[in-house]
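# Coordinate analysis (summary)
Letter by letter, the chains look like this.
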Amino acid sequence: MAYLESLAPFGVKRAVLTGLDGLVIEALGRGNPPAEVLAAELASLVRHMTPLAEALSGEVRRFTLATENHEILALRVGEYVLGAVIERGTDRKAVGQELTRIALKVQNL
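Predicted model, so just to flag it, every value in this text is computed and none were measured.

Summing up its helical and strand segments, the chain has two helices and five strands in all. Reading the chain from its N end, one meets helices and strands in the order β-β-α-β-β-β-α. In terms of overall size, the chain behaves like a compact globule, its C-alpha atoms giving a radius of gyration of 13 Å where 109 residues would be expected to give roughly 13 Å. Along the three orthogonal principal directions, the C-alpha set of the chain runs to about 35 × 35 × 25 Å. Within the chain, residue pairs in contact and separated by at least 24 positions form 42% of the contacts whose partners lie at least 6 positions apart. With an accessible surface of roughly 6300 Å², the chain has 53% of that area assigned to carbon and sulfur atoms. In the chain, 12 positive and 13 negative side-chain charges are present, and the distance between their average locations comes to 4 Å.

What follows is the structure, given as structure tokens:
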């Protein structure tokens, strides 16, 4: 089943669905960063942020990384991570809502 197709109309530059092992399950888009790099880095970030989240009596659920020109929106769904790279100025709220909608589907994997 294709999960990420619905992100294309939002101008998402790159999106991935990965496991916590960092392997690409599904990818959307082209260009940098390559899907394999984005997946591996998102999984690594979740693994490295987990101790801090646990110290706060919680778990990593979502995070954002911003550079001068791009943002990465990421959601953790159980043993999976959804991430989308968008250009600054893109409708961030709409992309976030769509990622949340996709996350509900992924929970049933």
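Of the volumes computed, that of the largest pocket is approximately 270 Å³. Lining of the largest pocket is provided by 13 residues; of these, Arg61, Arg76, Val77, Gly78 and Gln107 occupy positions nearest its centre. Sorting the residues of the lining of the largest pocket by element identifies strand E4 (70-77) and helix H2 (92-106) as the ones contributing at least two each. Here the lining of the largest pocket is built from residues that sort into five nonpolar, three polar and five charged.

The next point concerns the side chain of Glu98. As for its position among the elements, Glu98 is in helix H2. Among the polar contacts listed, one links the side chain of Glu98 to the side chain of Ser6, at a separation of 2.4 Å.

The next thing to look at is the sheet that holds strand E2 (residues 24-29). Taking strand neighbours across the sheet as the criterion, the five strands line up as E2-E1-E5-E4-E3 in an open arrangement whose pairing is antiparallel. Lying at the two open borders of the sheet, with one neighbouring strand each, are E2 and strand E3 (62-66). Sheet twist, expressed as the average angle between the axes of neighbouring strands with direction ignored, equals 10°. Note: E4 against strand E5 (residues 80-87), eight bridges, orientation antiparallel. Of the residues in E5, the one forming a bridge with Arg76 is Val81. The sheet strands contacting helix H1 (residues 35-55) are strand E1 (14-19), E2, E3, E4 and E5, and the helix crosses E1 at an angle near 55°. Against the sheet, H2 engages E1, E3, E4 and E5, with an angle of about 25° to E4.

For the rest of this paragraph, the subject is the UniProt feature "domain: Roadblock/LAMTOR2" (unreviewed entry) in the chain. The residues that UniProt annotates with the feature "domain: Roadblock/LAMTOR2" (unreviewed entry) are residues 3-86. In residues 3-86, the share of helix is 25% and the share of strand is 38%. The end C-alpha atoms are 17 Å apart.

With that out of the way, let us pick up unusual backbone geometry. At the junction of Asn32 and Pro33, the peptide bond is cis and its omega measures out at -5° in the coordinates. With respect to the element layout, Pro33 can be found in the loop between E2 and H1. We note that Ser57 has phi near 60°; this positive angle belongs to a residue other than glycine. Topologically, Ser57 is positioned in the loop between H1 and E3.

About the cut-offs
- Residues numbered from 1 in each chain as written.
- Predicted model: local features only at pLDDT ≥ 70, side-chain atom pairs only at ≥ 80, totals over all residues.
- Heavy atoms only, no water.
- Helix = DSSP H or I, 4+ residues; strand = E, 2+ residues; numbered from the N terminus.
- Rg over C-alpha atoms; globule rule 2.2 N^0.38 Å.
- Contact = heavy atoms within 4.5 Å.
- Areas by Shrake-Rupley, 256 points an atom, 1.4 Å probe, with all protein chains shown as cover.
- Lys, Arg positive; Asp, Glu negative; His and termini not counted.
- Charge placed at Lys NZ, Arg CZ, Asp CG, Glu CD.
- 1 Å grid on protein atoms, 1.4 Å probe; cavity = no way out; pocket = protein on both sides within 12 Å on 5 of 7 lines; lining within 4 Å.
- Points joined across faces, edges and corners; volume = space filled by probe spheres on them.
- Nonpolar A, V, L, I, M, F, W, Y, C, P; charged D, E, K, R; others polar.
- Polar contact = N/O pair within 3.5 Å; in protein donor to acceptor, adjacent residues only side chain to side chain.
- Pairing = 2+ DSSP bridges.
- Axes fitted to C-alpha atoms, helices over the stretch in contact; angles between N-to-C directions.
- UniProt positions renumbered as here; feature names shortened; annotations may be inferred.

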